[in-house]
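A look at the structure
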Amino acid sequence: MMKRWMSSAIRSTWGHVERGPEDAILGVTIAFQKDPNPNKINLGVGAYRGDDGKPFVLESVRMAEVLLLEEGHAMEYLPVVGDKEFLSHALRLAYGKSQPKYTAAIQTLSGTGACRMAGAFFQKYAHEKPPLVLLPTPSWANHNAIFTHAGCNVHSYRYYQPSTRGLDFSGMIADLEGAPKGAMVLLHACAHNPTGVDPSPEQWKEVSKVCLRGGLLPFFDMAYQGFTSGDAEKDAVAVRMFVEDGHDVVLAQSFSKNFGLYGHRVGALSFVTSSPAEADAVTSQLKILARPMYSNPPITGVRIVNEILREAPLEAKWREEMRGMAERIISVRVQLRDELEKRCGSPLDWSHITSQHGMFCYSGLTPEQVDRLSNEWSVYLTRNGRISMAGVTSHNVTYLADAIHAVTS
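Below: a short report on this structure. Everything numeric in this text was worked out from a predicted model, so none of it was measured.

**A few points about the overall build of the protein chain**
Helices and strands together make up the secondary structure of the protein chain, namely 17 helices and 13 strands. Relative to the 2.2 N^0.38 estimate, which gives 22 Å for 409 residues, the radius of gyration of the protein chain is 23 Å and therefore close to what a compact globule would have. With the C-alpha coordinates of the protein chain rotated into their principal frame, the extents come out at 75 × 65 × 55 Å. Expressed as a percentage of the 409 residues in the protein chain, the buried residues total 51%. Counted over contacts in the protein chain with a minimum sequence separation of 6, partners at least 24 positions apart contribute 74%. Summed over its atoms, the accessible surface of the protein chain is roughly 19000 Å², and 55% of this surface lies on carbon and sulfur atoms. Taken together, the 41 basic and 43 acidic charged side chains of the protein chain have centroids lying 6 Å from each other.

**Structural notes on the sheet that holds strand β2 (residues 103-109)**
In space, the seven strands of this open sheet follow the order β2-β10-β9-β8-β7-β3-β4, with mixed pairing throughout. Of all the strands in the sheet, just β2 and β4 (153-158) have a single pairing partner and so form its edges. With direction set aside, neighbouring strand axes in the sheet form an average angle of 25°. Strands in contact with helix α5 (residues 110-125) are β2, β3 (132-137), β7 (184-188), β8 (217-222), β9 (250-254) and β10 (266-272); relative to β9, the strand with the most contacts, it is inclined by about 155°.

**Quick notes on helix α16 (residues 367-377)**
Along α16, the positions that sit buried rather than exposed are Gln369, Val370, Leu373 and Ser374. Seen end-on, α16 carries its buried residues on one side only, within an arc spanning 140°. Opposite the buried face of α16, by more than 90 degrees, sit the exposed residues Glu368 and Asn375. For α16, the secondary structure elements touched by its buried residues are β12 (379-380) and α17 (397-408). At the C-terminal side of α16, Ser378 shows a positive phi close to 60°.

**Remarks on the side chain of Thr393**
Structurally, Thr393 is set in the loop between β13 (386-388) and α17. When sequence neighbours within four positions are dropped, the list of residues in contact with Thr393 reads Gly50, Asp51, Gly53, Arg328 and Val332.

**Details of the state of the cysteines**
Under the criterion given, the structure shown has zero disulfides. Left without a disulfide partner, Cys152 is nearest to the cysteine sulfur of Cys115, which lies 11 Å away. Its relative accessible area of 8% is what places Cys152 among the buried residues. Free of any disulfide, Cys361 has its nearest neighbouring cysteine sulfur in Cys344, separated by 15 Å.

**Brief notes about the pairing of β4**
As judged from the six bridges shared by β3 and β4, these two strands associate in the parallel manner. If you follow Pro136 over to β4, its bridge partner there is Tyr157. Taking the sense of rotation as the criterion, the β-α-β connection linking β3, helix α6 (residues 141-149) and β4 turns out right-handed.

**Some words on the packing of helix α4 (residues 84-95) against helix α13 (residues 300-310)**
For the pair α4 and α13, interaxial distance at closest approach is 9 Å and the crossing angle is 60°. By the criterion of interaxial angle, the relationship of α4 to α13 is oblique. Between α4 and α13 lies a crossing whose hand is left-handed. Contact residues: Glu85, Phe86, His89 and Arg92 in α4; Val302, Val305, Asn306, Leu309 and Arg310 in α13. For the contact of α4 with α13, the residue count by class is four nonpolar, two polar and three charged.

**Some points on α13**
Of all eleven residues in α13, nine are buried; the element is thus mostly enclosed. Listed in full, the buried residues belonging to α13 are Gly301, Val302, Arg303, Ile304, Val305, Asn306, Glu307, Ile308 and Leu309. Where α13 is buried, its residues meet α3 (59-71), α4, β2, α11 (256-259), β10 and α14 (312-343).

Conventions used here
- Residues numbered from 1 in each chain as written.
- Predicted model: local features only at pLDDT ≥ 70, side-chain atom pairs only at ≥ 80, totals over all residues.
- Heavy atoms only, no water.
- Helix = DSSP H or I, 4+ residues; strand = E, 2+ residues; numbered from the N terminus.
- Rg over C-alpha atoms; globule rule 2.2 N^0.38 Å.
- Buried < 20%, exposed > 50% of the residue type's maximum accessible area, 1.4 Å probe, protein only.
- Contact = heavy atoms within 4.5 Å.
- Areas by Shrake-Rupley, 256 points an atom, 1.4 Å probe, with all protein chains shown as cover.
- Lys, Arg positive; Asp, Glu negative; His and termini not counted.
- Charge placed at Lys NZ, Arg CZ, Asp CG, Glu CD.
- Pairing = 2+ DSSP bridges.
- Axes fitted to C-alpha atoms, helices over the stretch in contact; angles between N-to-C directions.
- Arc of directions from axis to C-beta.
- Disulfide = S-S within 2.5 Å.
- Right-handed = clockwise from strand over helix to strand, strands pointing away.
- Parallel < 35°, antiparallel > 145°, perpendicular 65-115°, else oblique.
- Left-handed = near helix turned anticlockwise from the far one by under 90°.
- Nonpolar A, V, L, I, M, F, W, Y, C, P; charged D, E, K, R; others polar.

Here it is in structure tokens:
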């Protein structure tokens, strides 16, 4: 008996579990941290940095934190649906003053949680099973895993044209025209991740028409509102256009980038519906989905957002700071392009650095060139050539340009 007990104790319950690969971006950061080179640059992390290269906390956020401390709030659970004042602010920010009359909404664990919740809702309530979610090629690396794990069938449509480092608009339209009725089309509202390539307003209008004709459901992921151009209203043009055109838009919102609340996991998911009864039914089912996932959303981050968007002076301060973050990113794009073309004398076309938008630049660097950047220059980015422009500063842009010129010459 003792021998049998010992042999079963030695056997490991989870010994068959293989170690999974590191997340690509996490791997970049680990390599960067181990590098002793004082000139090293981390261009992998999708979080804003100031021109000193350090994490940046908005002054409006600090002011909101002081107000919250003075108000002495309790730390009770939020309702499953989340903070209703926050949801009201989120809808106003996304849809504008003339927001849809009947909207279902729930607070989520940032944009990632909003996408995951949407996937779960699609899986349960889409007319076609399993639901088809169409992603642009390429898309945020996590999108495929999110919707696959939610039980959706994930396919793609053409989006990025490597030869021009711009939008493959004709390919995009052709693929959407060929998509089956009822498919959910994921659209990056602004600052497409990872390419930084966005349709023009005229192109958005054509995409809207194609989706209407084909009976496709537009699902917007809006992670960079205000962070793209510095103007939150301008960055919401596509979402508002589709609503005006009569789409039942589904929208995932993140407040990580534009408020700098990365660790607070502040987000929202909303569905434009046709009636009060429909909005109520969708909201009720979203709550039922959320309850076994995480039960109640976090409270502190939404309180910060509420403080900022509740009072006009503090909201104006936030909008000014948001514009400042966007303008810094735009500025270093111009600097990097100028360094490559004018000082380094690179014969290559680097116009895409300034024509792309938002935090990321899809550089066009090959995996082999990226490897040389890290091995020879201690410049770290993901092997698809995506540069986080937040990691570029006025202090390291010359060194970065020299590195890129060296590996592309």
